[in-house]
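Structure assessment
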Amino acid sequence: MSTHDDGRGLGDFGDFAHAQTPGLLGLAHALTGNPHDAWDLTQETLVRMGERWGRTRFDEPAAYARTVMTRLNIDRLRRFRREVLVAGHHREDARVELVGELDGWLVEALATLSPRQRTALALRYVEDLDVRGIASRMGCAEGTVKAHLSRGTERLQAELARHRTTARPTRPGTQEATSR
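Just so we're clear, the structure is a prediction, and the values are computed from it rather than from any experiment.

Regarding its fold elements, the protein presents eight helices and two strands. Reading the protein from its N end, one meets helices and strands in the order β-α-α-β-α-α-α-α-α-α. For the protein, the proportion of its 180 residues judged to be buried stands at 31%. Taking the intrachain contacts of the protein between residues at least 6 apart in sequence as the baseline, contacts between residues at least 24 apart amount to 67%. Split by element, the accessible area of the protein, about 11,800 Å² in all, is 51% carbon and sulfur.

See the structure below:
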């Protein structure tokens, strides 16, 4: 990334923002687990990109935007941890509207992960990054990424096993179905 005035106008940024918003929003939703926070994170990412658009030439603006988003999310999580919640005024989690083929149990399972595990898994499976790319985006060591991926995957596998044992469908004609 090099800084200079290349004369790109606001129209170019508008085209970029229009094209990248769906993908950025999908990544943000995977990072936050909450559609409201996902919109906020996407908007803040685009604001940061827009501030630099006319002054900076990006070799890969979409990749840079995703790095900005990942780092903004890490900062958001740090701020959230420092906040002192007043007794009796806890934050109610927003219901996530599922789109596509995503199962409800998976959304719930992702919510049980630590924010760093969820970030690593989202970058791996939504953005299809390797360990080195994830480490670069998260600003941590590759070994740390491997630990987050391993522990997060183990937890998701445990949640899947639990889901399969508690959500067995009843078949017509079985004793369970006829006793209802």
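After that view of the structure, there is still more to cover.
What follows concerns the packing of aromatic side chains. This structure, assessed with the given rule, holds five aromatic pairs. Note on Phe-13 and Phe-16: the rings are 6.1 Å apart at their centroids and 35 degrees apart in plane angle, and the pair reads as tilted. With Phe-13 and Phe-16 both in helix 1 (residues 10–32), this residue pair falls three residues apart, about one helical turn. Here Phe-16 falls in the buried class, since its relative accessible area comes to 10%. Taken together, the ring pairs in this structure connect Phe-13, Phe-16, Trp-53, Phe-58 and Tyr-64 into an aromatic cluster. Its end group placed over the ring of Tyr-125, Arg-124 keeps NZ or CZ at 5.6 Å from the ring centre.

Phe-13, Phe-16, Met-49, Met-69, Ile-134 and Met-138 are the most contacted members of the largest nonpolar core, which has 34 residues in total. Those elements that place two or more of their residues in this core are helix 1, helix 2 (35–53), helix 3 (61–82), helix 4 (104–111), helix 5 (115–125), helix 6 (131–138) and helix 7 (142–166). Element by element, the count of residues in this core is highest for helix 1, at eight residues. Discounting chain neighbours no more than four positions away, the residues touching Ile-134 are Ala-120, Leu-123, Arg-124, Leu-129, Val-145 and Leu-149.

Turning next to the packing of helix 6 against helix 7. The interhelical angle for the contact between helix 6 and helix 7, taken along N-to-C directions, is 105 degrees, at an axis separation of 9 Å. By the angle class used here, helix 6 and helix 7 are roughly perpendicular. Together, Val-131, Arg-132, Ile-134, Ala-135 and Met-138 of helix 6 and Glu-142, Val-145, Lys-146, His-148 and Leu-149 of helix 7 make up the contact between the two elements.

The full count for this structure, using the stated rule, is seven salt bridges. In this structure, the salt-bridge partner of Arg-76 is Asp-37, at a minimum N-O distance of 3.7 Å. In this pair, Arg-76 sits in helix 3 while Asp-37 sits in helix 2, placing the two residues 39 residues apart along the sequence. On the accessibility criterion, Arg-76 (18% relative accessible area) is buried. Salt-bridge contacts for Glu-44 lead to Arg-48; the nearest nitrogen and oxygen are separated by 2.9 Å. In this pair, Glu-44 and Arg-48 are both assigned in helix 2, four residues apart and thus about one turn of the helix distant. Through salt bridges with shared partners, one network takes in Arg-66, Glu-127 and Arg-137.

In this section: the packing of helix 5 against helix 7. Orientation of helix 5 relative to helix 7, taken along the N-to-C sense of each, is 95 degrees, at an axis distance of 8 Å. For the element pair helix 5 / helix 7, the angle class is roughly perpendicular. Residues Arg-116, Gln-117, Ala-120, Leu-121 and Arg-124 of helix 5 form the contact with helix 7, whose participating residues are His-148, Leu-149, Arg-151, Gly-152, Thr-153, Arg-155 and Leu-156. In the contact of helix 5 with helix 7, the residues fall into four nonpolar, four polar and four charged.

The rules behind these values
Residues numbered from 1 in each chain as written. Predicted model: local features only at pLDDT ≥ 70, side-chain atom pairs only at ≥ 80, totals over all residues. Heavy atoms only, no water. Helix = DSSP H or I, 4+ residues; strand = E, 2+ residues; numbered from the N terminus. Buried < 20%, exposed > 50% of the residue type's maximum accessible area, 1.4 Å probe, protein only. Contact = heavy atoms within 4.5 Å. Areas by Shrake-Rupley, 256 points an atom, 1.4 Å probe, with all protein chains shown as cover. Phe/Tyr/Trp six-rings, centres within 6.5 Å; stacked < 30°, edge-to-face > 60°. Lys NZ or Arg CZ within 6 Å of the ring centre and 35° of its normal. Core = buried A, V, L, I, M, F, W, Y, C linked by side-chain atoms within 4.5 Å. Axes fitted to C-alpha atoms, helices over the stretch in contact; angles between N-to-C directions. Parallel < 35°, antiparallel > 145°, perpendicular 65-115°, else oblique. Salt bridge = Lys/Arg side-chain N within 4 Å of Asp/Glu carboxyl O. Nonpolar A, V, L, I, M, F, W, Y, C, P; charged D, E, K, R; others polar.

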